[in-house]
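Analysis of the macromolecular model
Spelled out from the first residue to the last, the chains are:
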Amino acid sequence: MVKLRQLAIELTGFSLGRIDLNVQRGECFVLLGPTGSGKTLTLEAIAGILPISHGRIWINGTDVTRLPPEKRGIGIVYQDFALFPHLSVIENVTYGLRYCRKPHRPSRKRIDELMALTGIDHLSRRDVNTLSGGEKQRVALVRALSVNPSVLLLDEPLSALDRGIRYDIQKLLKSLHRETGTTFLMVTHDFTEAIFLGQRAAVLNNGRIEQAGPIMEILRHPKSPFVAKFVGIPNVFPANFEDNHAVMDGFALKLAHPPSEASTHIAIRPEDIRIHPARPEAPANILTGKVIDMADHGPYGEITVETAAATLKATLPRRELLEFYNLPPGEVFLQVPPDGIHTF
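Criteria and thresholds
Residues numbered from 1 in each chain as written. Predicted model: local features only at pLDDT ≥ 70, side-chain atom pairs only at ≥ 80, totals over all residues. Heavy atoms only, no water. Helix = DSSP H or I, 4+ residues; strand = E, 2+ residues; numbered from the N terminus. Buried < 20%, exposed > 50% of the residue type's maximum accessible area, 1.4 Å probe, protein only. Contact = heavy atoms within 4.5 Å. Lys, Arg positive; Asp, Glu negative; His and termini not counted. Charge placed at Lys NZ, Arg CZ, Asp CG, Glu CD. Pairing = 2+ DSSP bridges. 1 Å grid on protein atoms, 1.4 Å probe; cavity = no way out; pocket = protein on both sides within 12 Å on 5 of 7 lines; lining within 4 Å. Points joined across faces, edges and corners; volume = space filled by probe spheres on them. Nonpolar A, V, L, I, M, F, W, Y, C, P; charged D, E, K, R; others polar. Expected span 1.5 Å × (residues − 1). Salt bridge = Lys/Arg side-chain N within 4 Å of Asp/Glu carboxyl O.

1. Things to note about the overall build of the protein chain
- A tally of helices and strands in the protein chain yields nine helices and 21 strands.
- Oriented by its inertia axes, the alpha-carbon framework of the protein chain measures out at about 70 × 45 × 35 Å.
- Counting across all 344 residues of the protein chain, residues that qualify as buried make up 48%.
- Relative to all contacts within the protein chain whose residues are 6 or more apart in sequence, the contacts with residues 24 or more apart total 65%.
- Positive and negative charge centroids in the protein chain, built from 39 and 37 side chains respectively, lie 10 Å apart.

2. Looking at the pairing of strand E4 (residues 54-59)
- With five bridges connecting them, strand E1 (residues 2-11) and E4 associate as antiparallel partners. Bridged to Lys3 within E4 is Trp58.
- Examined bridge by bridge, E4 and strand E5 (residues 62-63) share two bridges and lie antiparallel to one another. Paired with Trp58 across the two strands is Asp63, which belongs to E5.
- Hairpin connection, E4 to E5: the antiparallel pair is bridged by two residues, and Asn60 has positive phi, about 60°.

3. Comments concerning the layout of surface pockets
- A volume near 320 Å³ is recorded for the second largest pocket.
- Along its surface, the second largest pocket is lined by 20 residues, and Arg220, His221, Asp339, Ile341 and His342 are the ones closest to its centre.
- Of all the secondary structure elements, the ones that give two or more residues to the lining of the second largest pocket are helix H7 (215-220), strand E15 (265-268) and strand E21 (341-343).
- By residue number, the principal contributor to the lining of the second largest pocket is E21, which donates three residues.
- For the lining of the second largest pocket, the class distribution of residues is ten nonpolar, six polar and four charged.

4. A look at the environment of Phe29
- For Phe29, the position within the fold is in strand E3 (residues 28-32).
- Classification of Phe29 by relative accessible area gives buried; the value is 0%.
- In this structure, the C-alpha to C-alpha distance between Phe29 and Tyr325, residues 296 residues apart in sequence, is 42 Å.
- Leaving out residues up to four positions away in the same chain, Phe29 has contacts with Leu21, Asn22, Val23, Phe184, Leu185, Met186, Arg200, Ala201 and Ala202.

5. Structural notes on helix H4 (residues 133-145)
- With 13 residues, H4 should reach 18 Å at 1.5 Å per residue; the first-to-last C-alpha distance of 19 Å fits that figure.
- All of the buried residues along H4 are Gly134, Gln137, Val139, Ala140, Leu141, Val142, Arg143, Ala144 and Leu145.
- Tucked into the core, H4 has its buried residues touching strand E6 (74-77), helix H2 (89-93), helix H3 (108-117), strand E7 (151-155) and helix H5 (163-180).

6. Thoughts on the side chain of Arg143
- On the secondary structure map, Arg143 appears in helix H4.
- No salt bridge forms around the buried Arg143; measuring N to O, its nearest opposite-charge neighbour Asp80 is 7.9 Å away.
- Sequence-distant contacts of Arg143, that is, excluding residues within four places in its chain, are made with Phe81, Ala82, Leu83, Phe84, Asn92 and Val93.

7. Considerations on the pairing of strand E20 (residues 331-335)
- Bridge count between strand E16 (residues 274-276) and E20: three bridges; the pairing is antiparallel. If you follow Arg274 over to E20, its bridge partner there is Gln335.
- In the sheet, strand E17 (residues 286-296) pairs with E20 via five bridges, with the strands oriented antiparallel. Residue pairing in the sheet places Lys290 in a bridge with Glu331 of E20.

8. Points about the pattern of salt bridges
- One pass over the structure, following the stated rule, counts seven salt bridges.
- A salt bridge links Glu271 to Arg269; the shortest N-O distance between them is 2.7 Å.
- Taking the relative accessible area as the measure of exposure, Glu271 reaches 40% and is therefore partly exposed.
- Overall, the relative accessible area of 19% leaves Arg269 in the buried class.
- Put simply, Arg274 and Glu320 hold a salt bridge, and the shortest N to O gap is 3.2 Å. Of this pair, Arg274 sits in strand E16 while Glu320 sits in helix H9 (residues 318-325); the two residues are 46 residues apart in sequence, bridging distant segments of the chain.
- A relative accessible area of 17% places Glu320 in the buried class.
- Taken together, the shared-partner salt bridges in this structure form one network comprising Arg110, Glu113 and Glu179.

In structure tokens form, the structure reads like this:
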């Protein structure tokens, strides 16, 4: 559906590429990465808004590399909504129809269906300046979908919304994707959004793809320290490997599986670490340390423990965190299960 081959963009102080990417028909694909990694540039190149320095772009089997945006069969939704402030809701929604070729022009009935599906049918005649952030994003979504795009590009569509509204729009996006069958290509820096909405993803870093594949595969098996930390694993360390053990500063951690010959690092998800006030009767991977920080995040807590091998962060239910607040200063014991240690 969307195919990029050796896509490159050269700007002052930043270069993107060369990127190869395949987005399948009907899927929700997510471009992930921190600010400045090249996510939005990639989206704007696909949309035809930004000229490319090298490479080719195919949409629906057609080479669109040199086509103007209105001939690429795409819709785009920005994080700041980009609505026309002098037009009403219905005028914003139908604005793009003037550029639609007649065979692909949706009926007014279909537009009414989209407005009902997104819950804005009662806002048809409203001034867009009087809408809430969530309502504006719904209008932007309907406007983009009203031209029957084969691909919908979403540039950080949730980042400008309050937390309470964000989840509602997440659910709406999931529903729209399922109901319309449109291919979604979404940009975000929030991995939790990617897990909720996407099937596959690519992680960008400094204009290069660090890892691409199924989202849960990226989550469970990151291939670099950058990707591991981006998906929420703070415990990433260089290590040497001896037989079935990872060695850090002389301390050996038993692994569930032999590492590959190319392995240089380990990653331990904080939720896989157990903390005990007394030494547990476990066969392996017990580290002794002292608590140097505790943070209460509401439903869960985070404890940072300094050991002789490394400083590790562990998460645990808030109830257990409160128990540690009441303990006198002293040693604690970390239990790291072998199957909780990922090597790469």
